[in-house]
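Chain and residue survey
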Amino acid sequence: MEYAGKFLIEYPSRSDVIRLWSLADFHIWNRNCAIDRLKADIATIAADTHAFAVGNGDYGDFITWSDKRFDAEAIAEHVTLVELSKIGSALSEEIKSVLWPIKHKLIGLGFGNHEKKYMVQREHSDMHGALCYKLGVPNFGLSARFDIVFQRNPRIAKPRLARGTPAARSGVGTSWTVRVYQHHGAGAAQTPGGKVNRLVNFMHMVDADLYLIAHLHDETQKKLVRIDTDKNCTRAKERVTLGTITGTYLRTYQQGATGYGEIRGYAPTPLGAVVVEFEPDKQVMRMAMEAVVQNDAD
């Protein structure tokens, strides 16, 4: 686990709502990757002055032809044979290109099981670190624990992120700290109950306010209440924590392509990312609810 320190997000107005996107499970170079949806969400983050993001792994498939999981039919059509001969560098370069418009908004990037397996098999352990270096963002490894410190600063025009800031700035406004635990996730749960159980296991294992767990290719949330006390330990109080499974951009079923999800009979899941909203002045944290369900046209 990476203990990644504190990250300061300053905001100008008491009414500001800050949005944190948890981006994971793109599976770029897989034919079933919804790359247009991914790029549209990246553009939304880039254009939103109040949006920031973290990455939670499996940005690419990283499956070589010597891997038993390799299926030529599952490779995106634009990938060339030359690129397949250097997947580590070529796919990382495409991932970098996709994330480049929001590099200044990324708190950090973790890696997933697909990156990890490739790095181990190919003795390429610095591959994810090189991607983080090129984007100028912290490397969160497979899992990370970090604090986001929100501080109101009426002297600025729009929210801004400062990485590696040890504490809130003195002489500005009040601050609120949210502790985050991020893990790429594990297991192969397919039922709603199984996915929630997997999420809750992480929530019991590490103490945090917000849990961002990927890997299960779904969008799920769970609130847990912990019994706490005041600082003098004379009065009981509740502390609510929020856990999420953070979504995917990999289609389970697609015309003209048979992916591993279809082969294993997995249920289709919504495409996209989980967004958490914060109202720092009120110390409120919640899941952002999508107002529109967009279906493909006939």
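Here, the structure is the one placed above.
Residues numbered from 1 in each chain as written. Predicted model: local features only at pLDDT ≥ 70, side-chain atom pairs only at ≥ 80, totals over all residues. Heavy atoms only, no water.

Of note, aspartate 25 is a non-glycine position whose phi angle comes to about 55 degrees, a positive value. Position of aspartate 25 relative to the elements: it lies in the loop between strand E2 (18-23) and helix H1 (35-47). Using a relative accessible area of 0% as the deciding quantity, one classes aspartate 25 as buried. Although it is not a glycine, glutamine 283 adopts a positive phi angle of roughly 55 degrees. By the secondary structure assignment, glutamine 283 is in the loop between strand E12 (274-279) and strand E13 (284-287). (Helix = DSSP H or I, 4+ residues; strand = E, 2+ residues; numbered from the N terminus. Buried < 20%, exposed > 50% of the residue type's maximum accessible area, 1.4 Å probe, protein only.)

Moving on, we get to the sheet that holds strand E8 (residues 175-183). Spatial ordering of the open sheet is given by E7-E1-E6-E8-E9-E11-E10, a layout of seven strands whose pairing is mixed. Because the sheet does not close on itself, it has two edges, and the strands there are strand E7 (160-163) and strand E10 (219-229). With direction set aside, neighbouring strand axes in the sheet form an average angle of 25 degrees. Here four bridges tie E8 to strand E9 (residues 210-213), and the two strands are oriented parallel to one another. Bridge pairing links glutamine 182 to leucine 212 in E9. Where helix H6 (residues 192-205) meets the sheet, it contacts E8, E9, E10 and strand E11 (236-246), and its direction lies at approximately 35 degrees from that of E10. (Pairing = 2+ DSSP bridges. Axes fitted to C-alpha atoms, helices over the stretch in contact; angles between N-to-C directions. Contact = heavy atoms within 4.5 Å.)

Structurally, the position occupied by isoleucine 227 is in strand E10. Each C-alpha atom, one on isoleucine 227 and one on lysine 237, is 6.1 Å from the other, the two residues being 10 residues apart in sequence.

Further remarks concern the environment of arginine 122. The topology assignment puts arginine 122 in the loop between helix H4 (113-121) and helix H5 (127-135). Those residues in contact with arginine 122, other than ones at most four positions away along the chain, are Thr64 and Ser66. Polar contacts involving the side chain of arginine 122 include one to the side chain of threonine 64, which spans 3.0 Å. (Polar contact = N/O pair within 3.5 Å; in protein donor to acceptor, adjacent residues only side chain to side chain.)

Attention now moves to the nonpolar core. Here is a general trend for soluble globular proteins: nonpolar side chains tend to be buried in one another's company. In terms of nonpolar packing, the biggest core is built from 37 residues, with Leu23, Ile28 and Leu109 touching the most fellow members. Taken together, the elements giving at least two residues each to this core come down to E2, H1, strand E3 (51-56), helix H3 (87-99), strand E4 (106-110), H4 and H5. A per-element tally of this core places H3 first, with six residues. Each residue touching leucine 23, except ones within four places of it in the same chain, is listed here: Ile42, Ile45, Ala53, Val54, Gly55, Asn56, Gly57, Tyr59, Ile102, Tyr249 and Ala273. Counting residues in hydrophobic clusters, the runner-up holds 24 residues, among them Ile107, Phe150, Leu210 and Val276. (Core = buried A, V, L, I, M, F, W, Y, C linked by side-chain atoms within 4.5 Å.)

Attention shifts here to H3. Look at H3: 18 Å from first C-alpha to last across 13 residues, which is about the 18 Å you get at 1.5 Å a residue. Along H3, the residues classified as buried are Ile87, Gly88, Ala90, Leu91, Ser92, Ile95, Lys96, Val98 and Leu99. Where H3 is buried, its residues touch H1, helix H2 (81-84), E4, H4 and H5. (Expected span 1.5 Å × (residues − 1).)

This brings us to the packing of aromatic side chains. To describe a pair of aromatic rings, you give the distance between the ring centres and the angle between the ring planes. Under the counting rule described, the total for this entry stands at 10 aromatic pairs. A ring pair is formed by phenylalanine 7 and phenylalanine 146, whose centres lie 5.8 Å apart and whose planes are at 85 degrees; its orientation type is edge-to-face. Linking phenylalanine 7 in strand E1 (residues 2-11) with phenylalanine 146 in strand E6 (residues 143-152), this pair joins segments that are 139 residues apart in sequence. By way of ring pairs, the aromatic residues Phe7, Phe140 and Phe146 are connected into one cluster. We note lysine 103 situated over the ring of tryptophan 100; from NZ or CZ to the ring centre the distance is 4.6 Å. Positioned above the aromatic ring of phenylalanine 52, the side-chain terminus of lysine 105 is 5.3 Å from the ring centre. (Phe/Tyr/Trp six-rings, centres within 6.5 Å; stacked < 30°, edge-to-face > 60°. Lys NZ or Arg CZ within 6 Å of the ring centre and 35° of its normal.)

To continue, consider the pairing of E12. Among the six residues of E12, six are classified as buried, and the element is accordingly described as predominantly covered. Alternating positions in E12 separate into two faces, Val274, Val276 and Phe278 on one and Val275, Glu277 and Glu279 on the other, with burial throughout. Bridge count for E12 against E13 is four bridges, and the pairing is antiparallel. Among the inter-strand pairings, glutamate 279 is bridged to a residue of E13, identified as valine 284.

By themselves, these are just geometric observations and shouldn't be taken as functional.
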